[in-house]
Amino acid sequence: MTDLSLTVRSRTIDVLHRLWTKERVWLISAAILALLFIFATPLGVTTAGFVAQNLANVAPFLALSVGIAAYAGATGADGLIARAFTGSPVVMFLIAAAIGGLSPFCSCGVIPLIAALLAMGVPLSAVMAFWLASPVMDPSMFFLTTGVLGFEFAVAKTLAALGLGVLGGFTVHVLSHAGGLSDPLREGVGNGGCGGAKVRTVQPVVWKFWRDEARVAKFWREGIKTTLFLAKWLTLAFILESLMLAWLPADLVARSLGGTGLAPIAIATLVGVPAYLNGYAALPLVGGLMGQGMAPGAGLAFLVAGGVSSLPAAIAVWALVKKEVFALYLAIALTGSFAIGLLFQLWTAL
């Protein structure tokens, strides 16, 4: 083998290695779709349509959240936002959970805001409170829940959002106070997550950032970077979700969630985690299952767990934060959803 061929082969391997390192998520998604189109064409077409439809559905929320994050960074307002979250931890938990309950973001749309808040230097405890409460309830969801499942269920879901947010904030605060979770973001995401300098140092804010070429460049750079980051992970997540829905019989889920006692609530919590359900589409499904005998506590646990830690959201969170933060997020979502379902079941039994 000549020196030229060895050099060409070495460069090819190097290019492939760098491509795999930087774009492995896109490559995996493309490989799955290619295999489906070759060996199961109808399922491939269905999966591609499912991915496109769901990306289109979350696009407005993602565009709004990415735009807010990029605007805060370009104007320098991120420092003001970070300083607004200083003070009493308990007050921060309550405020963050309340804001989360009023925000219109879904479990996927809230991800870029989470990354931005952590990069700004907002404490993880307050961010976690907002993070957990936001996907569970918003004003329009409250009225729709009232119409489908009743006023009592809507109030319970609202309290669940606030309670889960406070639980998450308090848990993270205790762990952080003990010296853990000081740097939650993965390498290359934001600025690492601690961001203490932004809290301590007041930076000048330029609200009309479009008059400064450097700030405009930062706005587009951060916006495009965040959009591409989320797009690749959500594409993979929606592909996996489509396959899960195709291979997991709906009647099996319905039968598993029926009955009374602790078991249906626990099963509903576990099923809700991987099963991505748009909150508006999930309501009539849960209403139908409750009409067939599913316990109210199981229904609430299913909605809360599914809203907070659906498959696309979980995959995006996995790409965003370090493993210990991801494990804590899932643990709080699971235990909190189960406890919420159990408490609501006890309340309805009175």
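Calculation notes
Residues numbered from 1 in each chain as written. Predicted model: local features only at pLDDT ≥ 70, side-chain atom pairs only at ≥ 80, totals over all residues. Heavy atoms only, no water. Helix = DSSP H or I, 4+ residues; strand = E, 2+ residues; numbered from the N terminus. Buried < 20%, exposed > 50% of the residue type's maximum accessible area, 1.4 Å probe, protein only. Phe/Tyr/Trp six-rings, centres within 6.5 Å; stacked < 30°, edge-to-face > 60°. Axes fitted to C-alpha atoms, helices over the stretch in contact; angles between N-to-C directions. Parallel < 35°, antiparallel > 145°, perpendicular 65-115°, else oblique. Left-handed = near helix turned anticlockwise from the far one by under 90°. Contact = heavy atoms within 4.5 Å. Nonpolar A, V, L, I, M, F, W, Y, C, P; charged D, E, K, R; others polar. Expected span 1.5 Å × (residues − 1). Core = buried A, V, L, I, M, F, W, Y, C linked by side-chain atoms within 4.5 Å. Patch = residues over 30% accessible without salt bridge, like charges linked within 9 Å, V, L, I, M, F, W, Y side chains within 5 Å. Areas by Shrake-Rupley, 256 points an atom, 1.4 Å probe, with all protein chains shown as cover. Salt bridge = Lys/Arg side-chain N within 4 Å of Asp/Glu carboxyl O. pLDDT = per-residue confidence, 0-100.

**Describing the environment of Ala 96**
Then, in step 1: In this structure, Ala 96 sits in helix H4 (residues 89-102).
Then, in step 2: Classification of Ala 96 by relative accessible area gives buried; the value is 1%.
Then, in step 3: Linking Ala 96 and Ala 129, residues 33 residues apart in sequence, is a C-alpha distance of 5.7 Å.

**Notes on the environment of Ile 267**
Then, in step 1: Following the sequence through the fold, Ile 267 ends up in helix H12 (residues 262-272).
Then, in step 2: Residue Ile 267 is classed as partly exposed on the basis of its relative accessible area of 32%.
Then, in step 3: Once the C-alpha coordinates of Ile 267 and Ala 298 are considered, the two residues, 31 residues apart in sequence, prove to be 8.0 Å apart.

**Structural notes on the packing of aromatic side chains**
Then, in step 1: Within this structure, the stated rule accounts for 10 aromatic pairs.
Then, in step 2: Relative to Tyr 329, the ring of Trp 131 lies with its centre 5.4 Å away and its plane at 20 degrees, an arrangement referred to as stacked. Of the two residues, Trp 131 sits in helix H6 (residues 124-133) while Tyr 329 sits in helix H16 (residues 323-349), which places them 198 residues apart along the sequence.
Then, in step 3: Residue Trp 131 is classed as buried on the basis of its relative accessible area, which comes to 2%.
Then, in step 4: On the accessibility criterion, Tyr 329 (0% relative accessible area) is buried.
Then, in step 5: Between the aromatic rings of Phe 209 and Phe 219, the centroid separation amounts to 5.0 Å while the plane-to-plane angle is 35 degrees, which identifies the pairing as tilted. Within this pair, whereas Phe 209 is found in the loop between helix H9 (196-200) and helix H10 (213-247), its partner Phe 219 is found in helix H10, the two being separated by 10 residues in sequence. Of the two residues, Phe 209 and Phe 219, neither departs from the other in class, the shared state being buried.
Then, in step 6: An aromatic cluster of at least three residues, connected via ring pairs, comprises Tyr 71, Phe 209, Trp 210, Phe 219 and Trp 220.

**A short note on the packing of H6 against H16**
Then, in step 1: Orientation of H6 relative to H16, taken along the N-to-C sense of each, is 45 degrees, at an axis distance of 12 Å. Taken together, the axes of H6 and H16 lie oblique to each other. Viewed along their axes, H6 and H16 form a crossing whose handedness is right-handed. Across the interface between the two elements, Leu 124, Met 128, Trp 131 and Leu 132 from H6 touch Val 325, Tyr 329 and Ile 332 from H16.
Then, in step 2: Here the residues of the contact of H6 with H16 are counted per class, giving 7 nonpolar, no polar and no charged.

**Looking at helix H8 (residues 151-177)**
Residues spaced three or four apart along an α-helix face the same direction, because each turn holds 3.6 residues.
Then, in step 1: The end-to-end C-alpha distance of H8, which contains 27 residues, comes to 39 Å, matching closely the 39 Å that a straight helix rising 1.5 Å per residue would cover.
Then, in step 2: Those residues of H8 that sit buried are Phe 153, Ala 154, Ala 156, Lys 157, Ala 160, Ala 161, Leu 164, Gly 165, Gly 168, Gly 169 and Val 172.
Then, in step 3: Once H8 finishes, Gly 179 follows within two positions and takes phi at roughly 105 degrees, a positive value.

**Let's talk about the nonpolar core**
Then, in step 1: By size, the foremost hydrophobic cluster in this structure holds 85 residues, and its most contacted members are Ile 111, Ile 114, Trp 131, Val 304, Val 308, Val 321 and Tyr 329.
Then, in step 2: Per-element tally for this core: the top contributor is H10, with 9 residues.

**A word on the side chain of Ser 125**
Then, in step 1: Along the chain, Ser 125 turns up in helix H6.
Then, in step 2: For Ser 125, the residues in contact, after removing those within four places along its chain, are Phe 93, Gly 169, Val 172 and His 173.

**Some points on a nonpolar patch on the surface**
Then, in step 1: On the surface, a nonpolar cluster with roughly 330 Å² of combined accessible area is contributed by Leu 19, Trp 20, Leu 27 and Ile 28.
Then, in step 2: Checked against the element boundaries, Leu 27 lands in helix H1 (residues 3-39).
Then, in step 3: By relative accessible area, Leu 27 is classed as partly exposed at 34%.

**Some details on the pattern of salt bridges**
Then, in step 1: For the coordinates displayed, the defined rule picks out 1 salt bridge.
Then, in step 2: For Arg 215, the salt bridge is made with Asp 212, and the minimal N-O distance between the two is 3.7 Å.
Then, in step 3: A residue is classified by how much of its surface remains accessible, and Asp 212, at 31% relative accessible area, is partly exposed.

**As for the environment of Met 141**
Then, in step 1: Residue position: Met 141 is located in helix H7 (residues 139-149).
Then, in step 2: Assessed through its relative accessible area of 5%, Met 141 is described here as buried.

**Things to note about the confidence of the model for the protein**
Then, in step 1: In the predicted model, the protein carries a mean pLDDT of 77, and the fraction of residues at 70 or more is 78%.
Then, in step 2: The secondary-structure element of the protein with the lowest mean pLDDT is H9, recorded at 42, while H16 shows the highest, at 90.

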